[in-house]
Amino acid sequence: MLSVEAAQVVLDDFSLSADFTITKGARVAVLGPSGAGKSTLLAAIAGFQDLATGRILWNGEPLPDDPAKRPISMVFQDNNLFPHLSVAQNVGLGLRPDLKLTSQDRERVETALSRVGLMGMGARKPAQLSGGQIARVALARVLLRNKPILLLDEPFSALGPALKAEMLDLVRELVTETDATLLMVSHDPQDARALADQVVLVAEGWAHAPQPTAELFDSPPDALRDYLGG
């Protein structure tokens, strides 16, 4: 279980508060207006943003201060690939940051690339890939890291509708296989409908407790209604 206890982030004149729990294996969309603090929430959970107050726990234990030691994989909007490294090397970072890969490690990299539909593309550089293929590389690295929490910060926002739907299907398959707990920031409510069983609404300085997706859209609070324009 992921617990965010009386947490607050303060950045100049901006603040975001949160107090909620997310059950293990849940698929949660994080929705809200631009600038409301969706990415800030994920950064705090990942350890890249300090808390002014409160704490964040996993299975009852406070998360380490060092982001690298948290049981988390995070994919950013730019998919955080290194342009000078090959596809296989970018994925291999999920196993060994020094890229001193054993033959078994390299086999695992190839298996992960095959799993996300990139068999035979390990030698390519990111610049030689399409947007959808770049997203698949990032997901292959996530698959290799096999962490219990997966944070996605709009990694598919630049993709067209059909390709984004394909990526969401792949994410659903991967989190089902690994039983990972997913939090995904999106500006598109349809992403939540397609993938998430719960929604965290971020608005007016609060990251609200998760609500079942269907119930939230059937009877949206004022903040969500304003965001949706309905």
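Since the model is a prediction, treat every value here as computed from it, not as a measurement.

(A) Looking closely at the overall build of the protein. Along the backbone of the protein there are eight helices and eleven strands. Whereas a compact globule of 230 residues would reach a radius of gyration of roughly 17 Å, the protein reaches 18 Å, a difference of no more than 12%. Principal axes of the C-alpha set define a box for the protein whose edges measure 50 × 40 × 30 Å. Counting all 230 residues of the protein, 49% fall into the buried class. Excluding contacts between residues fewer than 6 apart, the proportion of contacts in the protein whose partners are at least 24 apart in sequence is 67%. Accessible surface, the protein as shown: approximately 10900 Å² in total, 50% of it carbon and sulfur. Charged side chains of the protein number 21 positive and 28 negative; the gap between the two group centres comes to 9 Å.

(B) Structural view of the nonpolar core. By size, the foremost hydrophobic cluster in this structure holds 34 residues, and its most contacted members are L152, F156, V171 and L182. Those elements giving two or more residues to this core turn out to be α2 (87-92), α3 (103-115), α4 (131-145), β7 (149-153), α5 (161-178) and β8 (181-185). The greatest single-element share of this core, amounting to seven residues, is contributed by α4. Counting 29 residues, the second largest nonpolar core, distinct from the first, contains L16, A18, L41 and V185.

(C) View of the environment of A207. Position of A207 among the secondary structure elements: in strand β10 (residues 206-207). For the pair A207 and L31, spaced 176 residues apart in sequence, the C-alpha separation works out to 9.3 Å. Residues in contact with A207, not counting those within four places in the same chain, are L16, S17, A18, D19, F20, L41, V200, L201 and V202.

(D) Geometry of the environment of A158. Summarising the element assignment, A158 is placed in the loop between β7 and α5. According to the relative accessible area criterion, A158 is exposed, its value standing at 78%. With 26 residues separating them along the chain, A158 and G132 place their C-alpha atoms 9.2 Å apart.

(E) Unusual backbone geometry, seen in detail. For D12, which is not a glycine, the phi torsion comes out positive at approximately 55°. Relative to the helices and strands, D12 resides in the loop between β1 (2-11) and β2 (14-22). A positive phi angle, close to 60°, is found at D179, a residue other than glycine. Among the secondary structure elements, D179 is positioned in the loop between α5 and β8.

(F) Representation of the side chain of K164. Looking at where K164 falls in the secondary structure, it is placed in helix α5. Within polar-contact distance, the side chain of K164 engages the side chain of D188 at 3.0 Å.

Rules behind the numbers
- Residues numbered from 1 in each chain as written.
- Predicted model: local features only at pLDDT ≥ 70, side-chain atom pairs only at ≥ 80, totals over all residues.
- Heavy atoms only, no water.
- Helix = DSSP H or I, 4+ residues; strand = E, 2+ residues; numbered from the N terminus.
- Rg over C-alpha atoms; globule rule 2.2 N^0.38 Å.
- Buried < 20%, exposed > 50% of the residue type's maximum accessible area, 1.4 Å probe, protein only.
- Contact = heavy atoms within 4.5 Å.
- Areas by Shrake-Rupley, 256 points an atom, 1.4 Å probe, with all protein chains shown as cover.
- Lys, Arg positive; Asp, Glu negative; His and termini not counted.
- Charge placed at Lys NZ, Arg CZ, Asp CG, Glu CD.
- Core = buried A, V, L, I, M, F, W, Y, C linked by side-chain atoms within 4.5 Å.
- Polar contact = N/O pair within 3.5 Å; in protein donor to acceptor, adjacent residues only side chain to side chain.

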